[in-house]
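# Summary of structural features
What follows is each chain in one-letter form.
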Amino acid sequence: MAKAKKVVPESKQALDALKYEIAAELGLPVGKAVANANVEFATELGSIPLQSIKEDYWGHIASRDAGAVGGAITSRLIRKAEEMMFNL
């Protein structure tokens with residue numbers, strides 16, 4: 001499956017920040033600090049190579065929760081766009 005080409009590639013950092021902000025609000029355990037805490041003992045034992053740990057791993061998050069994050073992102077972006085349109 002091909003990845004969609006981003007219309008504004010510079011927006012990646014802002015969208016990632018928004019994604020993690022919403023995940024934190026929903027109480028979802030994602031991010032480097034949480035991932036390192038969950039696998040710290042396994043990496044010390046060598047059962048999980050430290051190089052394989054990724055900061056942006058969401059594999060342990062349920063599809064429903066990941067969808068909730070995506071829905072909240074969409075909702076906030078639409079709200080901001082509407083606010084900008086009405087404030088012109």
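Residues numbered from 1 in each chain as written. Predicted model: local features only at pLDDT ≥ 70, side-chain atom pairs only at ≥ 80, totals over all residues. Heavy atoms only, no water.

## Regarding the overall build of the protein chain
Secondary structure summary: the protein chain contains three helices and zero strands in total. Beginning at the N terminus, the succession of helices and strands in the protein chain can be written as α-α-α. Taken across its 88 residues, the protein chain has 16% of its residues classed as buried. Taking the contacts inside the protein chain whose residues are at least 6 apart along the sequence as the reference set, 73% of them involve residues at least 24 apart. (Helix = DSSP H or I, 4+ residues; strand = E, 2+ residues; numbered from the N terminus. Buried < 20%, exposed > 50% of the residue type's maximum accessible area, 1.4 Å probe, protein only. Contact = heavy atoms within 4.5 Å.)

## Quick notes on the nonpolar core
Judged by nonpolar contacts, Leu18, Ile22, Ala23, Leu28, Val30, Trp58, Ile61, Val69 and Ile73 together constitute the single largest core of nine residues. The leading source of residues in this core is helix 1 (residues 12–25), at three residues. (Core = buried A, V, L, I, M, F, W, Y, C linked by side-chain atoms within 4.5 Å.)

## Thoughts on the packing of aromatic side chains
By the definition in use, this model includes one aromatic pair. Taking the centre distance of 5.9 Å and the plane angle of 50° together, the rings of Tyr20 and Trp58 count as tilted. Here Tyr20, found in helix 1, pairs with Trp58, found in the loop between helix 2 (32–45) and helix 3 (63–86); they are 38 residues apart in sequence, far enough to count as distant. By relative accessible area, which is 23% here, Tyr20 ends up partly exposed. (Phe/Tyr/Trp six-rings, centres within 6.5 Å; stacked < 30°, edge-to-face > 60°.)

## Quick notes on the packing of helix 1 against helix 3
Direction vectors running N to C along helix 1 and helix 3 enclose 120°, while the axes themselves pass 9 Å from each other. Our classification of the angle between helix 1 and helix 3 gives oblique. Here helix 1 runs over helix 3; the crossing is right-handed. Taken together, the residues of helix 3 that come into contact with helix 1 (itself represented by Leu15, Leu18, Lys19, Glu21, Ile22, Ala23 and Glu25) are Val69, Ala72, Ile73, Arg76 and Leu77. (Axes fitted to C-alpha atoms, helices over the stretch in contact; angles between N-to-C directions. Parallel < 35°, antiparallel > 145°, perpendicular 65-115°, else oblique. Left-handed = near helix turned anticlockwise from the far one by under 90°.)

## Digging into the confidence of the model for the protein chain
Averaged over every residue, the pLDDT of the protein chain is 77; the share at 70 or more is 69%. For the protein chain, helix 2 is the element with the lowest average pLDDT, namely 48, and helix 3 is the one with the highest, namely 94. Low confidence marks residues 33–39, where pLDDT is under 50. Its contacts with residues over four positions away, or in another chain, come to four contacts. (pLDDT = per-residue confidence, 0-100.)

## Re the pattern of salt bridges
The tally for this structure, following the rule as stated, stands at four salt bridges. Across the salt bridge formed by Asp16 and Lys19, the nearest N and O atoms sit 3.6 Å from each other. Pair noted here: Asp16 and Lys19 are both in helix 1, with a separation of three residues, about one helical turn. A relative accessible area of 18% places Lys19 in the buried class. Each member of the salt-bridge network shares a partner with another, and the members are Lys12, Asp16 and Lys19. (Salt bridge = Lys/Arg side-chain N within 4 Å of Asp/Glu carboxyl O.)

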